[in-house]
Amino acid sequence: MPLTGTYEPSASEWAREQAETYEATNGAEQGEHRGVPVVVVTSVGAKSGNLRKHPVMRVEHDGEYAVIASKGGADQHPAWFNNLVAHPHVELQDRAERHDYIATIVEGDDRATWWERAVAVWPDYADYQAKTDREIPVFVLTRTD
């Protein structure tokens, strides 16, 4: 069941522009970052209840996706982390395909497997992990529709 509610654009100009352009063009524009494909995740705000859109690197395997809460290696999680914890039902748009997913934080061997996949797609993740003492969370998105 698709998410409904009021869309609240990101305070980050680049994230807002990328997500909105991606959606408007089905990823034909703003569908990559430094040559690497991205997807757009729509979540429900943990506090506001409004819809939030987040462009993230495309890490996909057998129809599931990983969303990496790296925030570039900052010592705190990105704001959307709390959204996925509070409201794990999200929508993910991969080019023209849009579906519902449930986001689950993975740990242990599952996290290690998905982390390896993520670093293969976006090697900067390894650098981000080296910059922070927190273990960067990995969400796996499993399709529900």
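For the structure, see preceding data.
What counts, and where the lines are drawn
All residue numbers refer to positions counted from 1 along the written sequence of the respective chain. In keeping with the model being predicted, local features are shown solely for residues with a pLDDT of at least 70 and side-chain atom pairs are shown and tallied solely at 80 or more, while totals for entire chains, interfaces and linings include all residues. Side-chain measures here rest on the full set of heavy atoms in the structure, leaving out hydrogens and waters. A 1.4 Å probe that fits into a set of points on a 1 Å grid over the protein atoms alone but cannot get out defines a cavity; an open set with protein on both sides within 12 Å along at least five of seven lines defines a pocket, and lining residues are those with an atom within 4 Å of a point. Grid points are joined across faces, edges and corners, and a volume is the space filled by probe spheres set on the points. Helix numbers and strand numbers start at the N terminus; a helix is a DSSP run of H or I with at least 4 residues, a strand a run of E with at least 2. One speaks of a salt bridge when a side-chain nitrogen belonging to Lys or Arg is within 4 Å of a carboxyl oxygen belonging to Asp or Glu. To sort residues, take the accessible area from a 1.4 Å probe on protein chains only and compare it with the maximum for the residue type: under 20% means buried, over 50% means exposed, and anything in between is partly exposed. We treat two strands as partners when DSSP finds at least two bridges between them.

### Observations regarding the layout of surface pockets
Phase 1 of the analysis: Considered as a void within the structure, the largest pocket measures approximately 790 Å³ in volume.
Phase 2 of the analysis: If you trace the largest pocket, you find 29 residues lining it, with Trp14, His54, Pro55, Pro78 and Trp80 closest to the centre.
Phase 3 of the analysis: Secondary structure elements with two or more residues in the lining of the largest pocket: helix 1 (13-25), strand 3 (51-57), helix 2 (79-86) and helix 4 (124-131).

### Considering the pattern of salt bridges
When their charged atoms lie close together, side chains carrying opposite charge are able to pair.
Phase 1 of the analysis: By the definition in use, this model includes eight salt bridges.
Phase 2 of the analysis: Measuring nitrogen to oxygen at the nearest pair gives 3.6 Å for the salt bridge that ties Arg111 to Glu135. One end of the pair, Arg111, is in helix 3 (residues 108-121); the other, Glu135, is in the loop between helix 4 and strand 8 (138-143), with 24 residues separating them in the sequence.
Phase 3 of the analysis: One salt-bridge network, in which partners are shared between bridges, spans Glu23, Lys53, Glu91 and Arg98.

### Quick word on the pairing of strand 6 (residues 89-94)
Phase 1 of the analysis: Most of strand 6 sits out of view: five of its six residues are buried.
Phase 2 of the analysis: Where strand 2 (residues 36-44) and strand 6 come together, three bridges link them in antiparallel fashion. Bridge pairing links Val41 to Leu92 in strand 6.

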